[in-house]
Amino acid sequence: MESKVRVQFAKEWELRFLSHLDLVRTIERAVRRAALPVALSQGFNPQPRIAYASALAVGVSSDGEYLDIDLTHKVPASQVVSRLNSTLPRGLRVVEAVEVSPQAKSLTAQVNAACYLFRFSSVDDRRLQDSIGQLLQTAEVIVERETKNGRRQIDIRPLIYDLTTVAGDYQLKLLCATGSKGNLRPEEAVEQLDGATGLKAIHRQGLYVRDSAGKLQKPTELERLT
Amino acid sequence: MDKRIEEFLLEVSKPTRYMGRELNAVYKDWDQTNVRVALAFPDVYEVAMANLGLKILYHIINKREDALAERVFAPWVDMEEKLREKELPLTSLESGQPLKIFDILGFSLQYEMGFTNVLNMLDLAGIPRWQSERRAGDPLVIAGGPCVFNVEPLADFFDFVVLGEAEEVMHQVIDLVADGKQKGTSREELLEFAARIPGVYVPSFYRPEYDQRGVFSGLEPVNPAAPRRVKKRVVADLDQVEYPDKFVVPYMDVVHDRAMVEVLRGCTRGCRFCQAGMIYRPVREKSPETLKRQIDELLASTGYGEVSLTSLSSGDYSCIAQLLQELAAVYEERGIALSLPSLRVDSFSVSLADQIQKTKRTGLTFAPEAGTQRLRDVINKNVREEDLLEAAEAAFSAGWHQIKLYFMIGLPTETYEDLDGIAALAHKVLDIGRRYRPKNGRRPNVTVSAASFVPKSHTPFQWVAQDPPDVLRQKQEYLAQRLRRPGITYNFHDVDTSFLEAVLARGDRRLAAVLSKAVDLGCRFDAWYEHFSFARWQQAFSTLGVDPSEYTGARRLDQPLPWDHLDPGVSRDYLRREWERAQAQVVTGDCRFTSCAQCDLCGAFGVSNVLVERRAADGEQS
């Protein structure tokens, strides 16, 4: 494998109905149409080597999703952007691409934080602020989750890094854990709050790599070669 | 998509069924486009999107400046509930416009179990169900596809139907509608013009007659514009006819999600149970140059990773081995897989196996259809046991470990000995697979799928009775016991569904009221096991006083048949002769390779088989 390119892309509002698998399928085909020299996996059923950071749920739009694509020949990152954007269906868009080291750690291993924005049909500012304050002061917040292994009790408080009200199109912003080492489902945080009803939209502003000091970095900032 | 649906789309399962917004979907200016056609498939998105016919029409119609085509499929039960609850009409995927404002609403009728969905979609669209109730301003509700060769159970619901291949006749239909709009032609007059287009059947211009016992006794044209018999349309040259260079690419996982290229149309093997083989003649192959060009165009415009070379029997394509070799050379290193649908046992060989295995390997499917040579001769499936075992040998030695075998039970003259034959074949094939286990490293699996025979119109078996349901069940149980072995998987179909299919397949217009009642009782998605309700159907039959088993029984050779006026090209003489040969266990050859079987199509239609190799011999290939 000659080179690895890390791509930041957006799934816009009009395609929020796509599931993660739908997205994977769609990008795979766009890569073929763009005639990018993607490396194939070994074995009887060669698949294009494209790896994702974290699945984006159905109904959620995003500005900051990431994938790594292995190429057999070097292609300038700017070309990866333009060639993909010229063929992606409306509603999917490459924001940025950078070349990273072929030995770069996988996105799933590194990405551990996500920032979500929420829009409600009705918000009582005072009550919401109070409710946020209360939640952040609580030591333990137990929710019940349906997982593959049945119902489990999970403390989600340590998964919530920051929660604030915002102005504009959205009213609430959440920074939380995502990934294999701890994953918060955005609705779980919202369910704990008072003062906001009629959830209309969830938007993932971005995925990040968060260090122990709480510093956030975009996955494309790490390991970039240029 | 209709914006009102978007508001609650996240509340239904698989929202991408209704979203549209796919790559290569065509959005035209509604107000600037004269003729608007809604292409409807009476099943859900993930099934409908596999249909090649609608893809071809979508492309052809949208290429015209004066017309647009949009898609609409059956909403799943949860979406239907929401539409009814919120009183929203059925709308198209592209523009979200209600179906009832389109000029033409065209249904693709691929299988009888989709019939109730057709009526249900009309209801959801707010379009009068019965043809006689439609007025100016209602769309022309039409249909095409294999089931139109006996559309009689649905005849009272369609303004007209199109027999055969639609590529050319669709233009004539659109021209007619465009002209009619401009001149303000009345609906009745429009239908008269339509009846004069070759291949168009206007059911309301014919009146069925029944004898004292209520049995169909004939169909009379009652309008001078209506021909005695309607002849199907045939496209003579597949290299010249329009074929899409782009397909709409679905987001969701759909059936047969690959770039489909039709390698040939028609089949002259003459298997006596097979309606498709009878109605799609003659055989017309595309040249390898055309195929390669079409494959390249489709891969470039869709980004699919797999190409499917489709037809009724792709293994019969004249230069299949050479074509696969050339395609594999180009596509193998790009990681593009090639797939062929079910292969004839006698055209599958070691060399073919070699070619296919270079690319992706899934399971291989063969269709011996019957378990003994005797019965295979009766049905004219000219496949010998040695052929099947050699094919299995070639497959397993090339590395396959999964083989699927299609059979039918309930075939005419069948005895339990023939069922024993099915089991014996399955075991022999598995035994071969097991010999290769050390080499292949995986346990071999043989899947036996045994469908219940359904006699179809326009076949030599159109006079044959279907086995009664309890006999079929007994046979299924008998087979199940004999197939109990690790490594053998046995699939069978619900007998009641097969029974109903048989009723509709050889039905007449008396079934219209039954269908209508069945839909009112809640029948829909009959092809889906979890939604098929035989009890509701029985209620519909008994309420209307119709005995369904009348339709599944045998017919006399001299009896008028409800589909006699619809002409697929093969003559009734031929069908009768083939039925007699079946009973004498005499086989008939394939006119591509042996002599003419005198089905009388070529002379009557001015067409003939078009084969690639023969073209080269005639010097016509460029």
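Along each chain, numbering runs from 1 in the same order as the chain's sequence is written. To label them, take the chains in the order written and letter them from A, then take the ligands in the order written and number them from 1. Per-residue local features of the predicted model are confined to residues with pLDDT of at least 70, and side-chain atom pairs are confined, for both listing and counting, to 80 or more; whole-chain, interface and lining totals are unaffected and use all residues. The side-chain quantities take in all heavy atoms of the structure and omit both hydrogens and water.

It is worth spelling out the overall build of chain B at this point. Labels follow the DSSP assignment, with helices taken as runs of H or I lasting at least four residues and strands as runs of E lasting at least two, numbered in each case from the N terminus. Helices and strands together make up the secondary structure of chain B, namely 24 helices and 19 strands. In terms of overall dimensions, chain B is globule-like: its C-alpha atoms have a radius of gyration of 24 Å, near the 25 Å expected for 622 residues. Taken along its principal axes, the extent of the C-alpha atoms in chain B is 70 × 60 × 55 Å. Relative accessibility decides the category of a residue: with a 1.4 Å probe and only protein chains considered, values under 20% of the type maximum give buried, values over 50% give exposed, and everything between is partly exposed. Looking at chain B as a whole, 63% of its 622 residues qualify as buried. Pairs at least 24 residues apart make up 76% of the contacts formed inside chain B by residues separated by at least 6 positions. Surface exposure here means Shrake-Rupley accessible area, sampled with a 1.4 Å probe, where a residue is shielded only by the protein chains that are shown. Carbon and sulfur atoms provide 49% of the accessible area of chain B, an area that totals close to 23400 Å². Radius of gyration here is computed from C-alpha atoms only, and the compact-globule reference equals 2.2 Å multiplied by the residue count raised to the power 0.38. By definition, residues are in contact when any of their heavy atoms lie within 4.5 Å.

This part is about the side chain of E80 of chain B. Residue and element names in this part refer to chain B. Examined against the element boundaries, E80 turns out to sit in helix α5 (residues 77–85). Given the relative accessible area of 5%, E80 is considered buried. Beyond its immediate sequence surroundings of up to four residues, E80 is in contact with P75, N120, L124 and R524.

A few words now on the interface of chain B and chain A. Across the contact, 29 residues belong to chain B and 18 residues belong to chain A. The largest share of the area that chain B buries against chain A comes from L10, L23 and Y251 of chain B, three residues that together contribute 29% of it. One speaks of a salt bridge when a side-chain nitrogen belonging to Lys or Arg is within 4 Å of a carboxyl oxygen belonging to Asp or Glu. Between chain B and chain A we count three salt bridges in total. Among the salt bridges present, the one from D253 of chain B reaches R25 of chain A, with a minimum N-O distance of 3.7 Å. Throughout this description, a polar contact denotes any pair of N or O atoms lying within 3.5 Å of each other; where both atoms belong to protein, one of them has to be capable of donating a hydrogen while the other can accept it, and for residues adjacent in sequence the pair is counted only when both atoms sit in side chains. Summed over the shared surface of chain B and chain A, the number is seven residue pairs in polar contact (both at pLDDT 80 or more). Mapped by element, the contributors of at least two residues to the side of chain B that touches chain A are α2 (16–19) and α10 (288–302) of chain B. If you tally residues by element for the side of chain B that touches chain A, the top one is α10 of chain B, at four residues. Class assignment for the residues of the side of chain B that touches chain A results in 14 nonpolar, seven polar and eight charged. Buried area: the sum, over both parts, of the accessible surface (1.4 Å probe) that disappears when the two are put together. Charged residues are taken to be Asp, Glu, Lys and Arg, nonpolar residues to be Ala, Val, Leu, Ile, Met, Phe, Trp, Tyr, Cys and Pro, and polar residues to be all remaining types, Gly included.

Glancing now at empty space enclosed by the protein. Residues and elements named next belong to chain B. Put simply, the grid is 1 Å and covers the protein atoms alone, a cavity is a trapped set of points that fit a 1.4 Å probe, a pocket is an open set with protein on both sides within 12 Å along at least five of seven lines, and lining residues have an atom within 4 Å of a point. Grid points are joined across faces, edges and corners, and a volume is the space filled by probe spheres set on the points. Applying the stated criterion to the full structure yields six cavities of 30 Å³ or more. Here the largest cavity defines a volume of roughly 180 Å³. The wall of the largest cavity is formed by 17 residues, among which Y18, F73, L90, T91 and L93 lie closest to the centre. Of all elements in the fold, only α2, β2 (67–73) and α5 reach the threshold of two or more residues within the lining of the largest cavity. Of the residues belonging to the lining of the largest cavity, the class tally is 13 nonpolar, two polar and two charged.

All names here are of chain B. Along the chain, R134 falls in the loop between α6 (115–125) and β4 (140–144). Among the polar contacts listed, one links the side chain of R134 to the backbone oxygen of P128, at a separation of 2.9 Å. Separated by 2.5 Å, the side chain of R134 and the backbone oxygen of F157 make a polar contact.

Here the focus is the pairing of strand β1 (residues 35–41) of chain B. Residue and element names in this part refer to chain B. Within β1, seven of the seven residues are buried, which leaves it mostly tucked inside the rest of the structure. Bridge count between β1 and β2: seven bridges; the pairing is parallel. If you follow A38 over to β2, its bridge partner there is E70. The pairing of β1 with strand β3 (residues 104–108) spans four bridges and is parallel. Across the sheet, L39 pairs through a bridge with G106, a residue of β3. Any two strands between which DSSP finds at least two bridges are classified as paired.

All names here are of chain B. The full count for this structure, using the stated rule, is 75 salt bridges over all chains. The partner of R228 in a salt bridge is E220, and the shortest N-O contact between them spans 3.1 Å. The exposed category is assigned to R228, whose relative accessible area is 56%. We note a salt bridge from E550 to R510, for which the minimum N-O separation is 3.3 Å. With a gap of 40 residues between them, E550 in helix α21 (residues 549–552) and R510 in the loop between α18 (495–505) and α19 (511–520) connect regions that are remote in the sequence. Connected through salt bridges with shared partners, the residues E165, E167, E262, R265 and R284 form a single ionic network.

Two rings from Phe, Tyr or Trp (for Trp, the six-membered ring) form a pair when their centres are within 6.5 Å of each other. A pair whose planes differ by under 30 degrees is stacked, one over 60 is edge-to-face, and the rest are tilted. For the coordinates displayed, the defined rule picks out 19 aromatic pairs over all chains. Relative to Y111 of chain B, the ring of F41 of chain B has its centre 6.3 Å away and its plane inclined at 65°; by these criteria the two rings are edge-to-face. Taken together, the positions of F41 of chain B in strand β1 and Y111 of chain B in the loop between β3 and α6 put the pair 70 residues apart, joining distant regions of the chain. With a centroid separation of 5.2 Å and 40° between ring planes, the pair formed by Y490 of chain B and F492 of chain B is classed as tilted. Three or more aromatic residues joined by ring pairs make a cluster, and in this case those are Y116, F118 and F120 of chain A. To sit over a ring, a charge needs its Lys NZ or Arg CZ within 6 Å of the ring centre and within 35 degrees of the ring normal. Stacked on the ring of W13 of chain A, the Lys or Arg R119 of chain A has its end atom at 5.7 Å from the ring centre.

Relative to the helices and strands, K86 of chain B is located in the loop between α5 and β3. Separated by 82 residues in the primary sequence, K86 of chain B and R4 of chain B place their C-alpha atoms 9.5 Å from one another.

Below, the discussion takes up the confidence of the model for chain B. Close reading of the predicted structure is inappropriate where its pLDDT is low. This prediction gives chain B a mean pLDDT of 93; 96% of its residues lie at or above 70. With pTM at 0.95, the complex prediction returns an ipTM value of 0.92. pLDDT gives the predictor's per-residue confidence on a scale running from 0 to 100.

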